[in-house]
Amino acid sequence: MLVAYVDESYNAGHYFVAAAVGHSHTWEQMSERLAEIAATTSRLHGTPLDAEFHGHELMGGAGEWASLRGKHREAAGIYLAALRAARHAEVQYLFRGLDIHRLNARYAYPDQPHSIVFRHLLERLDQHAERSVKDEPIVIVADEIATQEAHRRQFASYQEVGTRGYRSSRLTRIAAPINFARSRETPGLQVADLAAYVHCRRHTVVDSHPAAAATLRRLAREIDPVTVHSWTWKP
């Protein structure tokens, strides 16, 4: 069974959603691998054994990763190990983005950015399932959000009448309903978050520090070879 874990990232007027996609056995492997990385990090740096892999906190030395504050090389190494494990497990990525400033400038009453980008991503995941698994639907698991029930209703509407726009689809390859879960308890969502953070930073931040820019390039090299779709809408 193909499963797509979906998480988001926002910065500088841009909104991005990332999907980390893999088969069930892929995610079993990733769960074990992230646990191993967390255990090693706990032994070396005193982080919790069950620390959640969260891109912003890991690179910023915040929350459960506070013991890594100022240890940029060590934090980058942990981040790189997680992304490398995902690539070796054959996780693939799809990214969709939106320039919110241009959206608001063009439309008087635009839809919510999350609704737009999530819809675009679902259309691409439906296509990805068509190409990847001929006889099985793709299961979607997204990070918990306050408006998740509204998104479930929207998805049901899409499957009944189709998505809006020139790429209208009834999303027939996506299993109903859309699932939502806590990222802390879901390794796949943590992988999606790591990918979303890197993708967002490389499109919205110009690192003036050479070491920071080099680290971002190293992380991106673990994502780019296994990215099957990436596009940002600039209305």
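For the structure itself, consult the block above.
Residues numbered from 1 in each chain as written. Predicted model: local features only at pLDDT ≥ 70, side-chain atom pairs only at ≥ 80, totals over all residues. Heavy atoms only, no water.

Participant: Before we move on, can you summarise the packing of helix 3 (residues 72-88) against helix 8 (residues 210-223) with the specific residues and values?
Facilitator: Running from N to C, helix 3 and helix 8 cross one another at 15°; their axes reach a closest spacing of 8 Å. If you check the angle between helix 3 and helix 8, you find them roughly parallel. As for the relative orientation of helix 3 and helix 8, their crossing is left-handed in sense. In this structure, helix 3 uses Ala-76, Tyr-79, Leu-80, Leu-83, Arg-84 and Arg-87 to contact helix 8, whose residues at the interface are Thr-215, Arg-218, Leu-219, Glu-222 and Ile-223. Partitioning the contact of helix 3 with helix 8 into residue classes produces six nonpolar, one polar and four charged. (Axes fitted to C-alpha atoms, helices over the stretch in contact; angles between N-to-C directions. Helix = DSSP H or I, 4+ residues; strand = E, 2+ residues; numbered from the N terminus. Parallel < 35°, antiparallel > 145°, perpendicular 65-115°, else oblique. Left-handed = near helix turned anticlockwise from the far one by under 90°. Contact = heavy atoms within 4.5 Å. Nonpolar A, V, L, I, M, F, W, Y, C, P; charged D, E, K, R; others polar.)

Participant: Give a detailed account of the sheet that holds strand 5 (residues 179-181), specifying residues and quantitative values.
Facilitator: What the six strands build is an open sheet, ordered 5-4-1-2-3-6; its pairing is mixed. Each having just a single partner strand, strand 5 and strand 6 (227-233) make up the two edges of the open sheet. For this sheet, the mean angle separating the axes of adjacent strands, direction not counted, is 20°. Pairing between strand 1 (residues 2-11) and strand 4 (residues 138-143): five bridges, direction parallel. Counted as the bridge partner of Ala-4 is Ile-140 from strand 4. Contacts from helix 1 (residues 24-45) reach strand 1 and strand 2 (14-23) within the one sheet, and its direction differs from that of strand 2 by about 105°. The sheet contacts of helix 7 (residues 187-204) involve strand 1, strand 2, strand 3 (92-99), strand 4, strand 5 and strand 6, and relative to strand 1 the element is tilted by about 40°. (Pairing = 2+ DSSP bridges.)

Participant: A description of unusual backbone geometry should follow, citing residues and the corresponding values.
Facilitator: For the bond running from Ala-176 to Pro-177, omega is -5°, close enough to zero to count as cis. Here Pro-177 is to be found in the loop between helix 6 (148-161) and strand 5. Of note in this structure, Glu-90 is not a glycine but carries a positive phi near 70°. Topologically, Glu-90 is positioned in the loop between helix 3 and strand 3. Taking relative accessible area as the criterion, Glu-90 reaches 62% and is therefore assigned exposed. Even without being glycine, Leu-171 reaches a positive phi, approximately 55°. The topology assignment puts Leu-171 in the loop between helix 6 and strand 5. Leu-171 sits in the buried class, given a relative accessible area of 0%. (Buried < 20%, exposed > 50% of the residue type's maximum accessible area, 1.4 Å probe, protein only.)

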